[in-house]
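Given next are the chains, with one letter for each unit.
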Amino acid sequence: ASSTGAGLAWIPRRAGERGALESGALPNLLPGGRPVIEPRARAEVGAAWGVVGLPDKVGRDTSAIIAAANSGGLGGLLVGGVDPADLVGSGDLLDALTRSFVVSLELRESAVTEVADVVLPVAAHQEKAGTFVDWEGRVRTFEAALATNAMSDHRVLDLLADEMGEPLGIRTLAAVRADMRALGPWTGDRAAAPVVEAVEVPTLEAGQAVLATWHHLLDSGRMQDGEPFLAGTAPKARALLSANTAAAIGLAEGDTVQVTAGSGAITVPVTITEMADHVIWLPTNSPGSAVRLTLGVDAGAVVSPTKGGAA
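Calculation rules
Residues numbered from 1 in each chain as written. Predicted model: local features only at pLDDT ≥ 70, side-chain atom pairs only at ≥ 80, totals over all residues. Heavy atoms only, no water. Buried < 20%, exposed > 50% of the residue type's maximum accessible area, 1.4 Å probe, protein only. Helix = DSSP H or I, 4+ residues; strand = E, 2+ residues; numbered from the N terminus. Pairing = 2+ DSSP bridges. Salt bridge = Lys/Arg side-chain N within 4 Å of Asp/Glu carboxyl O. Phe/Tyr/Trp six-rings, centres within 6.5 Å; stacked < 30°, edge-to-face > 60°.

### A word on the pairing of strand S12 (residues 279–283)
The element S12 is largely enclosed, with a buried count of five among its five residues. As defined by bridge partners, strand S8 (residues 209–214) adjoins S12 across five bridges and the pair is classed as parallel. Considered in S12, the bridge of Val 210 is made with Val 279.

Following this line, the structure appears as structure tokens:
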């Protein structure tokens, strides 16, 4: 981007991710996208909430929360809509959940509700009003399509906080929106972009390839539970390879390939296409190809593809 003059934009895959950032869901952010290390940002939030002395340190990210719970550093976890299969090393998360007192906010049974101490059902988006923020930061409100007695997440959190002696004052959606409007967006400098050190291009041995992977729009995602007709239109899991990579492994169009990493293996049909050599692509979480859960790795890992196996 620097050399060409192009710009970079993050277009999240799932609705709600940009809104989560604006709400302060990352460990280095306060509501409105305010950096937690910025004194003026803390002062604005403290004044709006009537709180003195907001912490000035960056909080824990997902990995740090899991590690702290596994080491006994966290006695309780509030988990909302998390699928362990989305994470590399899902076993670490499940271990953390068994070591803590877990309150789960969920729509349906899940791997988290199986080990949760308390499960609080919350309304699906059709059953509540709310707001999405698109990738450009534009606010898009919506109203409830179905009238039920299900509680929205904000009301559940408000009731929990009330019982703990820390009322949030967000019992109604109107109160939530008024609170966000009163606080307003951050007008100062944004938090610094994350710095990630480049890694060396892996040296491959014979019979190895670099894994590329991403989600199909329709896959084994949790929101398709109980909707077999929609799920039935999803693309079938296939491995994509270049002609040179396939020939090196002895694969032809329509063969099956077994991709292994560690003790896990995924076996799917092969499609030969124009792409980089020495790379094999798999869908991240489709039926028959749950990369993170089965292989325990993610994009960029070195894997071993071999001909054969039953798909």
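### Quick notes on the pattern of salt bridges
With the rule as written, the count across this model stands at 12 salt bridges. Its salt-bridge partner being Arg 222, residue Glu 106 comes within 3.8 Å of it at the nearest N-O pair. Of the two residues, Glu 106 is situated in strand S4 (residues 101–106) and Arg 222 in the loop between S8 and helix H8 (228–231); the sequence distance between them amounts to 116 residues. For Glu 106, a relative accessible area of 10% translates into the label buried. Arg 222 sits in the partly exposed class, given a relative accessible area of 21%. A salt bridge links Asp 162 to Arg 171; its shortest N-O distance comes to 3.2 Å. Its relative accessible area of 33% is what places Arg 171 among the partly exposed residues. Three or more residues joined by partner-sharing salt bridges are found here, namely Arg 18, Glu 22 and Arg 190.

### Here's the deal with the packing of aromatic side chains
Across all of its chains, the model carries two aromatic pairs by this definition. On the basis of an interplanar angle of 25° and a centroid distance of 5.0 Å, the ring pair of Phe 132 and Phe 142 is categorised as stacked. Taken as a pair, Phe 132 in strand S6 (residues 130–133) and Phe 142 in strand S7 (residues 139–142) lie far apart in primary sequence, 10 residues in all. On the basis of relative accessible area, Phe 132 is assigned to the partly exposed category, the value being 33%. Ring centres 5.2 Å apart and planes at 50° place the aromatic pair Trp 214 and Trp 281 in the tilted group.

In short, the description is geometric, and any link to function would need to be established separately.
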